[in-house]
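# Overview (structure and organization)
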Amino acid sequence: SIKNIEVYTMPFFGFIPSDSLLDSIETGHNSKNSSEPLYPLRDKTALLINDEIIDATILGPVRLFPASDKRDTAEKLAGYVKSTVAVLLKQLLSKADNNVVKQSIEFSERSLFTDASGAKRVGEPLDSSLVANLKASYAEIKAGNDINKSAFAALYKQFAEATVRHFMNDFNKTLDLGMIKRKAADIGSSAVIKAVHIAIDKIFPNLTKEELGALAEAHDPMFNP
């Protein structure tokens, strides 16, 4: 397994990866200097991250919501983001030399963190004030207090943008793309951010205490101060 991953000192977001994803990242790390083609492993890792991050951040908490139009909106959003990113990745990912693929493998390693309990998480470093404000909101929700929903929605927009920037824009920079594919990548990430913003604006103002509670339970452990 990847040695020397220290408990991260900067605030970060991270979900618990499946064994399959963790194995894929660790295999990439251990095979970096292999003469075998590494691009199939890069592709597998990228597609797994796309699926699992959406399951963890959107579908996990939403499955705890009672049936409602908010739940429908969130499930549609999850389906849209998953398919948009998967289609885009399949356009962008192509056969590549190992010296190019190595950049993507190193990107995946940098996206692997160890939380305070020693669990491995896949995610990205985040602005400390964003994490502090989210943690404070979750604490209020768990204490049964009312929160400012529009301020809470703004935090989620900030988090969504940081996540798209990391897993789409920053990852795509490791792919050595030509101009046309770079343009497609930028259009794709803008479309995802726009869809997420629209969904947040539809869902967050009407969240009930029960739904806010489900969100706090699911997300609080993913933000590490």
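Fair warning: this is a prediction, and the values are worked out from it, not measured in the lab.

## Observations concerning the packing of aromatic side chains
This structure, assessed with the given rule, holds 12 aromatic pairs. Ring geometry for Phe-13 and Phe-223: centres 5.5 Å apart, planes at 45°, overall tilted. Here Phe-223 lies in strand S4 (residues 223–224) and Phe-13 lies in strand S1 (residues 12–15), a separation of 210 residues in the sequence. Residue classification places Phe-223 among the buried positions, given a relative accessible area of 1%. Here Tyr-156 and Phe-159 contribute two aromatic rings whose centre-to-centre distance is 6.4 Å and whose plane-to-plane angle is 90°, an arrangement assigned as edge-to-face. In this pair, Tyr-156 and Phe-159 are both assigned in helix H6 (residues 149–172), 3 residues apart and thus about one turn of the helix distant. A residue is classified by how much of its surface remains accessible, and Phe-159, at 6% relative accessible area, is buried. Each residue in the set Phe-13, Tyr-138, Phe-152, Tyr-156, Phe-159, Phe-204 and Phe-223 is aromatic and connected to the rest through ring pairs, giving one cluster.

## Some points on the nonpolar core
Counting 60 residues, the largest nonpolar core has Phe-152, Tyr-156, Phe-204 and Phe-223 as its most contacted members. Looking at this core, the elements that each hand over two or more residues are S1, helix H1 (19–31), helix H2 (39–62), helix H3 (69–92), helix H5 (128–142), H6, helix H7 (179–203) and helix H8 (209–219). In contact with Phe-223, other than residues within four places in its own chain, are Phe-12, Phe-13, Leu-126, Val-131, Leu-134, Lys-135, Tyr-138 and Phe-159.

## Let's talk about the environment of Leu-22
Here Leu-22 lies in helix H1. Distance in space between the C-alpha atoms of Leu-22 and Asn-224 is 19 Å, their sequence separation being 202 residues. Leu-22 has contacts with Pro-17, Leu-112 and Lys-120, leaving out every residue within four places of it along the chain.

## Points about the sheet that holds strand S2 (residues 112–114)
Read from one edge of the open sheet, 4 strands run S2-S3-S1-S4, paired in antiparallel fashion. A strand with exactly one partner marks an edge of an open sheet, and here the two such strands are S2 and S4. Sitting on the sheet, H2 touches S1 and strand S3 (120–125), and the angle it makes with S1 is about 100°. This element, H6, spans S1, S3 and S4 of the sheet and lies at about 100° to S3.

## Observations regarding the confidence of the model for the protein chain
Should pLDDT be low for a region, the predicted coordinates there are not to be read in detail. Confidence along the protein chain averages 93 in pLDDT terms, with 96% of residues attaining 70 or more. Note on residues 3–7: pLDDT under 50 across the span, and 8 contacts to partners over four residues away in sequence or across chains.

## What to know about the pairing of S1
Two faces make up the sheet, and in a regular strand the side chains alternate between them. Here S1 shows no split at all, with Phe-12 and Gly-14 on one side and Phe-13 and Phe-15 on the other all buried. As defined by bridge partners, S1 adjoins S3 across 4 bridges and the pair is classed as antiparallel. Following the sheet pairing, Phe-15 is matched in S3 by Val-122. Where S1 meets S4, 2 bridges bridge the pair, whose relative direction is antiparallel. When the sheet's bridge partners are listed, Phe-13 is paired in S4 with Phe-223.

## Concerning the packing of H1 against H2
Packing of H1 against H2 brings their axes to within 9 Å, and their N-to-C directions diverge by 145°. The chirality of how H1 crosses H2 is left-handed. Contacts between H1 and H2 involve Ser-20, Leu-21, Ser-24, Ile-25, Thr-27 and Gly-28 on the former and, on the latter, Leu-41, Lys-44, Thr-45, Leu-48, Ile-49 and Glu-52. Split by residue class, the contact of H1 with H2 holds 5 nonpolar, 5 polar and 2 charged.

## Some words on the side chain of Ser-189
Among the structural elements, Ser-189 can be located in helix H7. Assessed through its relative accessible area of 5%, Ser-189 is described here as buried. Beyond its immediate stretch of four places on either side in the chain, Ser-189 contacts Val-164, Met-168 and Asn-169.

## Quick look at the pairing of S3
Both S2 and S3 contribute to a ladder of 3 bridges, which runs antiparallel. By the bridge assignment, Thr-114 is partnered in S3 with Lys-120.

Conventions we followed
- Residues numbered from 1 in each chain as written.
- Predicted model: local features only at pLDDT ≥ 70, side-chain atom pairs only at ≥ 80, totals over all residues.
- Heavy atoms only, no water.
- Phe/Tyr/Trp six-rings, centres within 6.5 Å; stacked < 30°, edge-to-face > 60°.
- Helix = DSSP H or I, 4+ residues; strand = E, 2+ residues; numbered from the N terminus.
- Buried < 20%, exposed > 50% of the residue type's maximum accessible area, 1.4 Å probe, protein only.
- Core = buried A, V, L, I, M, F, W, Y, C linked by side-chain atoms within 4.5 Å.
- Contact = heavy atoms within 4.5 Å.
- Pairing = 2+ DSSP bridges.
- Axes fitted to C-alpha atoms, helices over the stretch in contact; angles between N-to-C directions.
- pLDDT = per-residue confidence, 0-100.
- Left-handed = near helix turned anticlockwise from the far one by under 90°.
- Nonpolar A, V, L, I, M, F, W, Y, C, P; charged D, E, K, R; others polar.

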